[in-house]
Structures are given as C-alpha cells and as structure tokens.
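Structural description and commentary
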Amino acid sequence: MLQTLAISGYRSIRDSVLPLHGLDVVTGSNGSGKSNLYRALRLLASAGEGDVVGSLARDGGLSSTLWAGPEHVQHAAVDGGTPIRGTRRSGPVSLLLGFATDTLGYLVDLGIPQPSCTLFGRDPEIKREQIFAGTFAKPSSLLVDRQGPAVRVRDGSWRPVGRALGVSESILTEFSDADATPEVLRIRSQVRGWRFYDQFRTDRDAPARVPQVGTRTPVLGHDGSDLAAAVQTIIESGGVDRLDAAVDEAFPGSRLRVRADDAVFRLEFEQPGMLRPLSAGELSDGTLRYLLLVAALLTPRPPELMVLNEPETSLHGELLPHLARLITAASADTQLIVVSHARPLIDAMLEAGDVHEHRLVKQLGETLVADQGLLSTPPWAWPSR
Ligand SMILES: Nc1ncnc2c1ncn2[C@@H]1O[C@H](COP(=O)(O)OP(=O)(O)OP(=O)(O)O)[C@@H](O)[C@H]1O
Ligand SMILES: [Mg+2]
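These numbers come from a predicted model, not from an experiment.

Details of the packing of aromatic side chains
Scanning the entire structure with this criterion turns up eight aromatic pairs. For the ring pair phenylalanine 132 and tryptophan 380, a centre distance of 5.7 Å and an interplane angle of 75 degrees mean the geometry is edge-to-face. Of the two residues, phenylalanine 132 sits in strand β6 (residues 125-133) while tryptophan 380 sits in the segment after β17 (366-369), which places them 248 residues apart along the sequence. For phenylalanine 132, a relative accessible area of 0% translates into the label buried. Aromatic rings pair up to connect Phe99, Tyr106 and Trp194 into one cluster. Seen from the ring of tryptophan 158, arginine 152 lies directly overhead, with NZ or CZ sitting 4.1 Å from the centre.

Structure below.
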C-alpha cells in the first residue's frame, strides 16, 4: 500500500508530503490545489509508462507547471502580511515527485535542460531518479540511483549499469531485463497498475456510448470505452449480484445487461415502465457516469491504487450516499484516493467507513494540508543533484 506521496514544485504545491491510509479523501475549496495533487500523481504514474517527460510537456511544460512562488516562503510574510519578495534561488529549479510503500519507494527529479542548440530545448529532463527500501530515501537505503545519464544499482556493493540513459528516459522503462533488479520491476508494475478515473466523458460522442468489440476486461479503461465488456466481465466473474444490487440501489427496479452482436458488445439498461432496454447512447449523462463508476468500483481485479477525481460531477445529490457506499466497499480490496468537493459524498463516506480526510487550504498561493503538523508528516528526503 502507498503510505507516502511527496510532491515539490508542482503548481501550487510547493512542498508537500502526504500520509496515505487506504481510503483517503482530498477536499478543499475551489482553487485550493486538489486537481494539482491529482495531476501530480498522474504525472508520477506516467513515469511507469516511460512518458513522464512527454506528459509534463503536454501539461504545459516545466515553465507553466513549476511552483510560481518564491523558493522559500517567508513566515513573516505569512503572519504579518508583508509582500513576498523574490529571493536569490539557492537550489536548482526542480519538480520532484515521489511515493513510498512500507517496503519500497521511488522518486524522480525533473529539471530544465542545459542550454543547447535544439528545438526541444524546453523539454524537461530527468535529472535524478532513486529507488529505495523503506519509507524514504537515505544513503543506506538506496537500491537504484540515477544521476543524469549514469545509473548504479546496489546488490551487495554498487555496480554501474552499462548503458547511459537519455534525458527523457526513465529507469523504470529503459532497463533491459538483465540489468533490471526485482525492485525496478516491482515499482514499474505497481505504477502501471494504478488506475485514474477523471470525469468520464459523457457527451454524445463519448467513447462509453459507442458499442465496442468486447474482450475480457477485468479493469475498466481510463476513458470508459470498454464499459460493456467490463460489465460483462463483472457478470461472468461472479459479481452479478453485487452489480444488480448497486444498480438497483441507485435506480430502483433497473438492471444492467450486455448484448453481443458478433463481437460487438452493447449495454442494455432495463428500466421499469420501458418496453425495451436503453442503450448507452440513450442514457442521461449522470446515469452513464454512475454506471461507469459502478463498473470501475466493482472490478473483479482490484488495482493496487485507484484514484477518482471529482466523481460527483453531474451526479444528483441522491446518488452520492450510494456512491459513498460503493467506494468504501471497494476500499476493502483496493487502495483509493478520492478527490472531491461534494460535502454530502465525503460525509457519507466518513459515516460508511474508515476514511481519512485531507483538507487542502491555500496560503499565499501555496497549497497546504490543514492541521498537518510535523508529527503527522511522514519522513521524506529529496536528493541533491
Ligand atoms: N505554476 C503555478 N504555481 C503556483 N500556483 C499555481 C500554478 N499553476 C496553477 N496554480 C494555482 O493552482 C490553483 C488551481 O488549483 P486546482 O486546479 O488544483 O484547484 P482545485 O482545488 O482543483 O479547485 P476546483 O475545486 O475549482 O477544481 C489556482 O489557484 C492557481 O492559482
Ligand atoms: Mg479541480
């Protein structure tokens, strides 16, 4: 299980180390930095696909994503309201992302490139990556250490890895199997298994509305395009009762089934009073979004981590307690982070299960976690370059 998430220099998150517990809800008012936290986590996950530099470039590049405030926030300014003045920077410009489970952790340091004559001169570069044992990186716990192009691996003593890495290549994807230690493979498969569900599209042309060729789908895709196949997989994996209960609870008397024409799978939503079932193309936005969440949360193969970003969007208030129960039930088998500003959803979750709430607040432009003190902040250490 992820125990710690650490972010430094990402948009409004100047320096945050967040303890995670299993089912964590991130709340806060508009602009407090919830989506920034979600996007930082997603960026971290893209390292497992070897795409952290590309994702960051698409996210606006380092110049836009880097914390726009001063390197150090002056406490006098916080207390007394004096204006913030830029001070001379003492450390390099960097965006740092990392996580740790109770046994293993990973961190990456992204920075701006050295000036060179290339049209890609604004691409961020991976400056440093580390894999470590335990809950934070310290010299004695390092297992893999990458500094610029050079990588070394510790098995007994430090051994350099033959190939030099390019500035956009991550140790998580570029190691040959001979060089990859079990820890690299473990972190890679862990990060690749994380699932992010972010405001499924429900417009007329949304992928979830279009019939698709169905193959066994134990985990719903990020965009929901394989909804019918995911629902059928739940049904055939012994989850039909849970599916029926979840649908009936939210839409009394209704039932969700799948019809296959050749290999093309179509959803059929049976409702009381209707002479024929409705297809995914005919469902309301809120109904479709709720069914997508049902399919995601009833997955027969729970991912190690599932992150839901504002799952309440376009759902009627009456559905939120049902959604809260689905989320808390799913958290028995999977670690969940829910980013939300729907108080009824959060309250219903707090009532239904063992939920930890992290309330984000903004202070002088910086995202802070309310009531998080030194004692409730997990230990964490960023490497120097
Ligand atoms: N590079 C940056 N440096 C510092 N702050 C930034 C940077 N980029 C964006 N921000 C700040 O981040 C905030 C947006 O945060 P975010 O989108 O995470 O809010 P939110 O909590 O998701 O809000 P909402 O509830 O409205 O979705 C804005 O207030 C913006 O000022
Ligand atoms: Mg947001």
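Topic: the site of ligand 1
In the vicinity of ligand 1, 18 residues are found, and the nearest of them are Gly31, Ser35, Asn36, Leu66 and Lys362. Between ligand 1 and the protein, one listed contact pairs an oxygen atom with a side-chain N or O atom of lysine 34 at 2.8 Å. One nitrogen or oxygen atom from the side chain of lysine 362 is found 2.7 Å from an oxygen atom belonging to ligand 1. Here ligand 1, which alone exposes 650 Å², has 70% of that area covered by the protein. Mapped onto the shell around ligand 1, the elements with two or more residues apiece are α1 (34-46) and α3 (61-65). Examining the composition of the shell around ligand 1, we find that three residues originate from one element, α1, more than from any other. Counted by class, the shell around ligand 1 contains three nonpolar, eleven polar and four charged residues.

Overview of the pattern of salt bridges
Per the counting criterion, the structure on display carries 26 salt bridges. In this structure, the salt-bridge partner of glutamate 304 is arginine 186, at a minimum N-O distance of 3.3 Å. Note that glutamate 304 is positioned in the loop between α8 (285-297) and β14 (305-309) and arginine 186 in helix α6 (residues 182-193), a separation of 118 residues in sequence. Using a relative accessible area of 38% as the deciding quantity, one classes arginine 186 as partly exposed.

Focus: unusual backbone geometry
Positive phi, close to 55 degrees, is recorded for aspartate 262, a residue that is not glycine. Within the secondary structure, aspartate 262 is located in the loop between β12 (255-261) and β13 (264-270). For aspartate 262, a relative accessible area of 80% puts it in the exposed group.

Here we look at the domain arrangement of the protein chain
Taken domain by domain, the protein chain comprises domain 1 (2-193 + 360-369) and domain 2 (204-286). The C-alpha-based centres of domain 1 and domain 2 are spaced at 38 Å.

A closer look at empty space enclosed by the protein
Overall, the coordinates contain one cavity of 30 Å³ or more when judged by the stated rule. Space inside the largest cavity adds up to approximately 50 Å³. If you trace the largest cavity, you find it lined by Tyr197, Asp198, Gln199, Phe200, Arg289, Leu293, Leu308, Asn309, Glu310 and Pro311. Counting only elements with at least two residues in the lining of the largest cavity, the list comes to β10 (195-198), α8 and β14. For the lining of the largest cavity, the residue count by class is five nonpolar, two polar and three charged.

What counts, and at which threshold
- Residues numbered from 1 in each chain as written.
- Chains lettered and ligands numbered in written order.
- Predicted model: local features only at pLDDT ≥ 70, side-chain atom pairs only at ≥ 80, totals over all residues.
- Heavy atoms only, no water.
- Phe/Tyr/Trp six-rings, centres within 6.5 Å; stacked < 30°, edge-to-face > 60°.
- Helix = DSSP H or I, 4+ residues; strand = E, 2+ residues; numbered from the N terminus.
- Buried < 20%, exposed > 50% of the residue type's maximum accessible area, 1.4 Å probe, protein only.
- Lys NZ or Arg CZ within 6 Å of the ring centre and 35° of its normal.
- Near = heavy atom within 4 Å.
- Polar contact = N/O pair within 3.5 Å; in protein donor to acceptor, adjacent residues only side chain to side chain.
- Areas by Shrake-Rupley, 256 points an atom, 1.4 Å probe, with all protein chains shown as cover.
- Nonpolar A, V, L, I, M, F, W, Y, C, P; charged D, E, K, R; others polar.
- Salt bridge = Lys/Arg side-chain N within 4 Å of Asp/Glu carboxyl O.
- Domains from an automatic or database assignment.
- 1 Å grid on protein atoms, 1.4 Å probe; cavity = no way out; pocket = protein on both sides within 12 Å on 5 of 7 lines; lining within 4 Å.
- Points joined across faces, edges and corners; volume = space filled by probe spheres on them.

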